[in-house]
Amino acid sequence: MNKILLVTGSNGLIGSEMVGHFHRLGWKVHGIDNNMRAQFFGPQGDTRWNQKRLLDEYPGYVHHEVDVRDREGMKTFVAKVRPTAVIHTAAQPSHDLAARRPFDDFDVNAVGTLNLLEAARRSCPESPFAFLSTNKVYGDAPNELPLVELETRWDYADPAQKDGIDETCRIDATMHSLFGASKVAADVLVQEYGRYFGMPTVCFRGGCLTGPHHSGAELHGFLAYIARAIRERRTYRIFGYKGKQVRDNIHSYDVCTAIMAFHERPVPGAVYNLGGGRANSISVLEAIHRLEELLGRKLEREYVEEARLGDHICYISDLGRLRSDFPEWEVTISLEQILSQLAEAEVPAVS
Ligand SMILES: NC(=O)c1ccc[n+]([C@@H]2O[C@H](COP(=O)([O-])OP(=O)(O)OC[C@H]3O[C@@H](n4cnc5c(N)ncnc54)[C@H](O)[C@@H]3O)[C@@H](O)[C@H]2O)c1
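> Could you give me a rundown of helix H4 (residues 71-81), with the residues and numbers involved?
Residues of H4 that are buried include every one of Met-74, Phe-77, Val-78 and Val-81, and no others. The buried residues of H4 occupy an angular sector of 95° when projected down its axis, which confines them to one face. Across from the buried face of H4, at angles greater than 90 degrees, the exposed residues are Thr-76 and Lys-80. On its buried face, H4 is in contact with strand E1 (4-8), strand E2 (28-32), strand E3 (62-64) and helix H6 (102-123).

As structure tokens, then:
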């Protein structure tokens, strides 16, 4: 049987990695992207360079200029392509932008996901459906854990918490930002199409997903944007928490292999946290320091006292559930490898 993959957000960091990964495995790959990231973030967010790269590198790959908000368009498109697997990564990914453009945020993140789920239910209900959710579905709840302040980072005070946040963390009665709220809506819908309709759906609640194909912008793409700011001599703004806020980082390649593992043994309505775990965790200050070393240049920086609303102080993904269900999966790309790749990345400079 022909294996056909549909990837939404195919020009983006995760979508583009999926295109390459499945193409190399012999799948026919269809990507959907309307370059809305450029509309969200301006020239820094423009993804056309990545679209061009995919078309140059992967013969037979087909790009489609479809908007996930277009309900009829999505229905017709999925009926025509009838994918054997769906990976949904198209999104408005920023907290701050969501507050400025709440309707666009909800229409892309929540309604776009519903459009795709319903299109899939009608035309390919047996096909595994993977959704890139986010740790922001937990809202501020992870910030309630007692923390200790170390020299360059925050950390969990309780050693029993050292592996980080697992999927039992509550998702309600906490502040999410409008972005987190639209992703919660999508996350719950994806679970429901699994539970209610029995479709093989999965939510991967991402920590910091990163890699050299990120069109890093100030409002999204933390490590990629620090590297860009050093390279292009931009002033980088640190928002609150003394720059000691911690993120766990996972390379887009390891995101692909996690999704592939699910595709091989799908179950309905699954939920997994997906990040780099403690070994790949880093604070803003630590990331700046290491990227300055790798790029051989100092970063111009500015400290803004007020933290971003909905920002996590210390977030490390507990990967226990994922590792237990898919013992063959592992994080294979270390933090140091990620940082080196970002330092060498050929993302076009923008003025
Ligand atoms: N990168 C991260 O750190 C991170 C962390 C947690 C979760 N996630 C989630 O993972 C997914 C992928 O993230 P990413 O970093 O690859 O994002 P990205 O912004 O690089 O890619 C998303 C792509 O979707 C496209 N898009 C946006 N609106 C669209 C629309 N209406 N129709 C068609 N295409 C549209 C954009 O042009 C962009 O190319 C998102 O759902 C995001 O919320 C990302």
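> Before we move on, can you summarise the sheet that holds strand E9 (residues 208-210) with the specific residues and values?
Within a sheet, adjacent strands bond to each other through the backbone by hydrogen bonds, running parallel or antiparallel. The strand order across the open sheet built from 3 strands is E9-E11-E13, with neighbouring strands paired in mixed fashion. Lying at the two open borders of the sheet, with one neighbouring strand each, are E9 and strand E13 (281-283). On average, each strand axis in the sheet is tilted by 40° relative to the strand beside it, whichever way the strands run. Bridge count between strand E11 (residues 246-251) and E13: 3 bridges; the pairing is antiparallel. The partner of Val-246 across the bridge, within E13, is Ser-283.

> Which residues make up the packing of helix H8 (residues 222-231) against helix H12 (residues 335-344), and what are the values?
Between H8 and H12, the least distance of the axes is 9 Å, while the angle of their chain directions is 40°. Taken together, the axes of H8 and H12 lie oblique to each other. H8 and H12 meet at a crossing whose hand is right-handed. Every residue of H12 that contacts H8 at Leu-223, Ala-224, Ala-227 and Arg-231 is listed here: Ile-338, Leu-339, Leu-342 and Ala-343. Looking at the contact of H8 with H12, its residues break down into 7 nonpolar, no polar and 1 charged.

> Lay out the site of the ligand in plain terms, naming residues and giving numbers.
The environment of the ligand is made up of 30 residues, and the closest members are Asp-33, Arg-37, Asp-67, Lys-183 and Gly-207. A distance of 3.1 Å separates an oxygen atom of the ligand from a polar atom in the backbone of Leu-13. Contacts to the ligand include Val-68, whose backbone N or O atom sits 3.1 Å from a nitrogen atom. For the ligand, the protein covers 97% of the area, taking 820 Å² as the surface of the free molecule. Breaking the shell around the ligand down by element, the ones donating at least two residues are helix H1 (13-24), helix H2 (36-41), strand E5 (129-134) and E9. No other element matches E5, which puts 3 residues into the shell around the ligand. Grouping the amino acids of the shell around the ligand by side-chain chemistry returns 12 nonpolar, 13 polar and 5 charged.

> Just give me the short version of the pairing of strand E4 (residues 85-88), but keep the residues and values in it.
Because side chains alternate across E4, one face comprises the buried residues Ala-85 and Ile-87, and the other comprises Val-86 and His-88, equally buried. Alignment of E1 against E4, held across 4 bridges, turns out to be parallel. Within E4, the position partnered with Leu-5 by the bridge is Ala-85.

> Describe the packing of aromatic side chains, naming the residues involved and giving the relevant values.
Scanning the model with the defined rule gives 7 aromatic pairs in all. Aromatic side chains Phe-204 and Tyr-272 sit 5.8 Å apart centroid to centroid with 25° between the ring planes, which places their arrangement in the stacked category. Taken together, the residues Phe-204 in strand E8 (residues 201-206) and Tyr-272 in strand E12 (residues 270-274) connect sequence positions 68 residues apart. Phe-204 gets classed as buried once you look at its relative accessible area, which sits at 0%. Ring geometry for Tyr-225 against Tyr-236: centres 6.0 Å apart, planes inclined by 35°, an arrangement best described as tilted. One end of the pair, Tyr-225, is in helix H8; the other, Tyr-236, is in strand E10 (residues 235-239), with 11 residues separating them in the sequence. For Tyr-225, a relative accessible area of 5% gives the class buried. For Tyr-236, a relative accessible area of 9% puts it in the buried group. Site record: aromatic cluster; members linked through ring pairs are Tyr-193, Tyr-196 and Phe-197. One residue, Arg-121, lies across the ring of Phe-197, its end atom 4.1 Å from the ring centre.

Calculation notes
- Residues numbered from 1 in each chain as written.
- Predicted model: local features only at pLDDT ≥ 70, side-chain atom pairs only at ≥ 80, totals over all residues.
- Heavy atoms only, no water.
- Buried < 20%, exposed > 50% of the residue type's maximum accessible area, 1.4 Å probe, protein only.
- Helix = DSSP H or I, 4+ residues; strand = E, 2+ residues; numbered from the N terminus.
- Arc of directions from axis to C-beta.
- Contact = heavy atoms within 4.5 Å.
- Pairing = 2+ DSSP bridges.
- Axes fitted to C-alpha atoms, helices over the stretch in contact; angles between N-to-C directions.
- Parallel < 35°, antiparallel > 145°, perpendicular 65-115°, else oblique.
- Left-handed = near helix turned anticlockwise from the far one by under 90°.
- Nonpolar A, V, L, I, M, F, W, Y, C, P; charged D, E, K, R; others polar.
- Near = heavy atom within 4 Å.
- Polar contact = N/O pair within 3.5 Å; in protein donor to acceptor, adjacent residues only side chain to side chain.
- Areas by Shrake-Rupley, 256 points an atom, 1.4 Å probe, with all protein chains shown as cover.
- Phe/Tyr/Trp six-rings, centres within 6.5 Å; stacked < 30°, edge-to-face > 60°.
- Lys NZ or Arg CZ within 6 Å of the ring centre and 35° of its normal.

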